[in-house]
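Spelled out from the first residue to the last, the chains are:
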Amino acid sequence: MIFSLIIFNVVIAEGFYAINNEFLMNGPKGFQEYKMLENDIMFVRMDFPGVPEDGVSVTLEPSKTLVSVSAHAPKVHTHDFSHRNYLIITGLVCGCCEISGFTYHMTDGVLRLHLSKTNILHPQRPSCNSFLGGIRFRGDDLCRCPQRLPCNRDPYHPDLTGPLLIPHPNVRQGTTMAYESKQLESGSLYVRLDMPGVPKDNFNVSVSSGRVKVTGQAPAVSHDSDGRFYSGDVAMLSAPVDVPSRPIKTIIKDGVIRLLIPSV
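Not measured: the values here are computed from a predicted model. Each residue is numbered by its place in its chain's sequence as written, counting from 1. Two thresholds apply to this predicted model, a pLDDT of at least 70 for residue-level local features and 80 or more for giving and counting side-chain atom pairs, whereas whole-chain, interface and lining totals are computed over all residues. Note: side-chain values were computed over all heavy atoms of the structure, leaving out hydrogens and water.

In this section: the confidence of the model for the protein chain. It should be kept in mind that the predicted coordinates are not to be read in detail where pLDDT is low. Summing up the model confidence of the protein chain, the mean pLDDT is 86 and the portion of residues at 70 or higher is 84%. One confidence number per residue, pLDDT, is output by the predictor and ranges from 0 to 100. Elements are defined by DSSP. Helices are runs of H or I of four residues or more, strands are runs of E of two residues or more, and each kind is numbered from the N terminus. Within the protein chain, no element has a lower average pLDDT than strand β11 (residues 141-147), which sits at 46, and none a higher one than strand β5 (residues 56-60), at 97. Any pair of residues with heavy atoms lying within 4.5 Å of one another is described as a contacting pair. Long-range and interchain partners of residues 1-13, a stretch whose pLDDT sits below 50, account for 43 contacts in this model, where long-range means more than four residues apart. Every residue in residues 136-151 is under pLDDT 50, and counting partners more than four places away or in other chains gives 36 contacts.

This is the structure in structure tokens:
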């Protein structure tokens, strides 16, 4: 065996800095981030790694209290486990307002959604200060009662740090974790890493003493609380080299980096 797979990101006593992604080292945590802006505008960041700019659909439901978001991340490489389909439905937790409009932008595996709402009980008054909640799934069924999501209001909430990683809750089909690896018959190792928000030019792959390390810097965009920094050792070569005899091939697309690491 020429590779040892390693994850070195348990760096604090409480466990992973972000239980949604073992490679996230600092910045806002969680798969989503919700924020109330001025003029009754609500901002939502949703991580959909692997989804291209034209791979997302946002629909306001007839009740005008729910918004459904579906997204498709295609299988880019033959060694990907599968494609991924995402689905999330979010809605107002109050009974006095309705969603009056929305805009969105998808880039680098992150959807940023702006929703406006109005007070329908008292049209002359501003909308209330209640917020969006998530719709929970029960098996294959939807529970269409919005649940309050306190962690999404605070992307630094302590509950988003811990010893156990959690799967992406909005993946309805395909792999739910941020890391995937496969030993190939050729002796090479295939690795897929989710680093949503990182532009193509902000990834870096390095080798030191046989350790293959990937880092990525995701800048703050729109109303993101802050930028995010990802880093992690993803494989150990059998020889403690700094320069592999054959180059590591990479495919970087839509907040996902794929590596084909040859044998030394």
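This is not the end of the story, as more comes after the structure.
Pairing between strands is defined by DSSP: at least two bridges between the two strands are required. By the bridge criterion, six bridges tie strand β15 (residues 203-208) to strand β16 (residues 211-218) in an arrangement that is antiparallel. In the strand pairing of β16, Ser 208 is matched with Arg 211. From the end of β15 to the start of β16, which pair antiparallel, there are two residues, and Ser 209 there has a positive phi angle of about 55 degrees.

Of note, Ala 178 is situated in the loop between β12 (171-173) and β13 (179-183). The buried label applies to any residue whose accessible area, calculated with a 1.4 Å probe on protein chains only, is under 20% of its type's maximum; exposed applies above 50%, and partly exposed to all values in between. Judged by relative accessible area, Ala 178 falls into the buried class, the value being 7%. Residues Ala 178 and Pro 49 lie 129 residues apart in sequence; the distance between their C-alpha atoms is 8.7 Å. Residues contacting Ala 178, with those up to four places away along its chain left out, are Asn 21, Glu 22, Phe 23, Arg 192, Leu 193 and Asp 194.

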